[in-house]
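The residues making up each chain are set out below.
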Amino acid sequence: MAGSSSKLIAGRIRDLENAADYPSWREMALELDQLEGADAWKLDEVGDDYDYMLIRERLDQMRQLRSRGDVRRLVHELAEGLHGNLGNTANPVLYAYARVGTKKLVQDYVDEAANCLRYVCDGRFEDFGDAEKRQFFERTGASFGRSALLLSGGATLGMFHLGVIKALWDSGLLPRVISGSSAGAIIASMVATRSDDEVPELFDAQNLNLQSFEGISLRQVFSQGALMEPAPLEECLTRNIRAGSFLEAFERTGRMLGVTVSPAETNQQPRLLNYLTAPNVIVRSAVLASCAVPGVYPSVMLEALDYSGATVPYMRSKRWIDGSIANDLPMLRLARLHNVNHYIVSQTNPHVVPFMRDPTLRAHGFFSVARELALLSSRGALKVARQYSSSFAGGRIVDALNDMLQQRYSGDVSIFPHHSPAKLMRMFSNLSAEEIQRYIWEGERATWPKLERIRVQTRISRTFDDCLAALKDQGQQRDAQLREDAVPPRRLRRRLDRR
């Protein structure tokens, strides 16, 4: 019996690896959870990896208050008790035991919290008016925070991001805050400058023309200090990114796009450009700068719209380069600007992916330890090198390398591909539609095992966003109705005019 069970599991695993779409993958993964005993683990509330007693207490309390219709006390308890990692429910280990989902108690708690928020938002209460309701959602939503999707650099390897976005989009889990560096800036801007109706066209490689690499002569290399002609890249951005500024993109799509750029000179800091920090900067020029890999493309001067809508230089004397050098994943800035405290990272940088590991794995093994030791040794060596760098240029190089190593390259949920020598050799080559489609497919498959975790961990923040949007619409409709009621009928207006 044990042998036949092992064969059945092995067969299901092979089927899982060849699943054609996420619904099929999920169905087979749930069957494997049953065969491998993960279902029993999900149903058992007890565990050392989270505070199950606190979660059970909070769940029972919310259910009772909602069933009694005690809205004021319910609102009080939600404001006091809703936290993103209450009882360590965001612990990655809780998502290591099963292929789909986590403890049923955690899922029930998240679902009930979302149901309570909906109940408060949609209900009409005599002792809890609209003004108090909006204040509750604004304050508690700000305290709870929101999620963001961060896309790393990686040249053509960044086409993997399209598959990650497709998996999130198809599941209704794509965050409104999207940030990108270098290649990630291209993909983020392609999405964040398009309306909801236009986004699906990005997932068909036949609709994409991403030819952006064109070598130049040796004489041009020496004159401009770069290996590639920037004009094809500019044309690529014009074809794929909608025109306009960061503010115009936000007003058109409601998505909060961020693009990171690094300074080409000293005495400047890396920048996260978005509709708050640089509202009038033209998105395409920001992406061009973020893609200016030193030695591959020349540095870039940003462009912006002036008060009349004309295109003008932005900080005329300054030049900018690849955003992933100093600020590949701008988590701190996103936290300050958009109240982000949960990060979904799609990481494709070739100098980072070999050191990535899944935090849900309990046993790190020899290679994981070796990776950590390699990172620590590299950082220590750079500190010593910086102390003994006598030349200005040498110091700048060491500083840049140190910036790259000191950054945080993973998120609360990290999604990354498996690089191969063939992919690395074609990092700066134009890809065919078939190659791009393979990258999209790989990105999708790498995201599927993370989707349920993302769904659970973002359920409450997504509900806050939905409720705030609904309350805003209700307020606008009510204001419009009040304005309409305040206008006297046409006959009465004529009589008043005669008087």
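Asks: Sorry, what's going on with the overall build of the chain here?
Replies: The helix and strand inventory of the chain stands at 20 helices and 9 strands. Across the chain, every contact between residues at least 6 apart in sequence was considered, and the portion connecting residues at least 24 apart equals 76%. Summing over all exposed atoms, the chain offers an accessible surface of approximately 24800 Å²; the carbon and sulfur share of this is 52%.

Asks: Would you mind going over the packing of helix α5 (residues 71-81) against helix α7 (residues 130-144) with me for this structure?
Replies: How two helices pack is summed up by the angle between their axes together with the distance between the axes. Between α5 and α7, the least distance of the axes is 10 Å, while the angle of their chain directions is 15°. Considering the angle they form, α5 stands roughly parallel to α7. Like other packed secondary-structure pairs, α5 and α7 cross with a definite hand, here left-handed. In contact with Arg72, Val75, Leu78 and Ala79 of α5, α7 contributes Glu132, Phe136 and Thr140.

Asks: Help me out: how do you make sense of the nonpolar core in this one?
Replies: Of all hydrophobic cores here, the largest spans 86 residues; its most connected members are Phe246 and Val287. The element best represented in this core is helix α9 (residues 183-192), accounting for 7 residues. If we ignore the near neighbours within four places in the chain, the residues touching Val287 are Ala185, Ile186, Ser189, Leu237, Ile241 and Val259. Within the second largest apolar cluster, 33 residues are counted, among which are Val106, Cys116, Ile460 and Leu471.

Asks: What's the story with the pattern of salt bridges in this structure? I'm lost.
Replies: Pairing between side chains of opposite charge can happen when their charged atoms approach one another. Counted by the stated rule, this structure contains 25 salt bridges. For Lys423, the salt bridge is made with Glu442, and the minimal N-O distance between the two is 2.6 Å. Here Glu442 lies in helix α19 (residues 433-486) and Lys423 lies in helix α18 (residues 421-425), a separation of 19 residues in the sequence. A single network of salt bridges, built from pairs that share partners, joins Arg194, Glu198, Glu201 and Arg242.

Asks: Explain the packing of aromatic side chains here, please?
Replies: For any two aromatic rings, the description comes down to two numbers: the centre-to-centre distance and the angle of the planes. Within the structure shown, the criterion is met by 10 aromatic pairs. Judged by centre distance (6.0 Å) and plane angle (35°), the ring pair of Phe144 and Phe464 falls under tilted. Here Phe464 lies in helix α19 and Phe144 lies in helix α7, a separation of 320 residues in the sequence. By the burial criterion, Phe144 is buried, and Phe464 matches it.

What counts and how
Residues numbered from 1 in each chain as written. Predicted model: local features only at pLDDT ≥ 70, side-chain atom pairs only at ≥ 80, totals over all residues. Heavy atoms only, no water. Helix = DSSP H or I, 4+ residues; strand = E, 2+ residues; numbered from the N terminus. Contact = heavy atoms within 4.5 Å. Areas by Shrake-Rupley, 256 points an atom, 1.4 Å probe, with all protein chains shown as cover. Axes fitted to C-alpha atoms, helices over the stretch in contact; angles between N-to-C directions. Parallel < 35°, antiparallel > 145°, perpendicular 65-115°, else oblique. Left-handed = near helix turned anticlockwise from the far one by under 90°. Core = buried A, V, L, I, M, F, W, Y, C linked by side-chain atoms within 4.5 Å. Buried < 20%, exposed > 50% of the residue type's maximum accessible area, 1.4 Å probe, protein only. Salt bridge = Lys/Arg side-chain N within 4 Å of Asp/Glu carboxyl O. Phe/Tyr/Trp six-rings, centres within 6.5 Å; stacked < 30°, edge-to-face > 60°.

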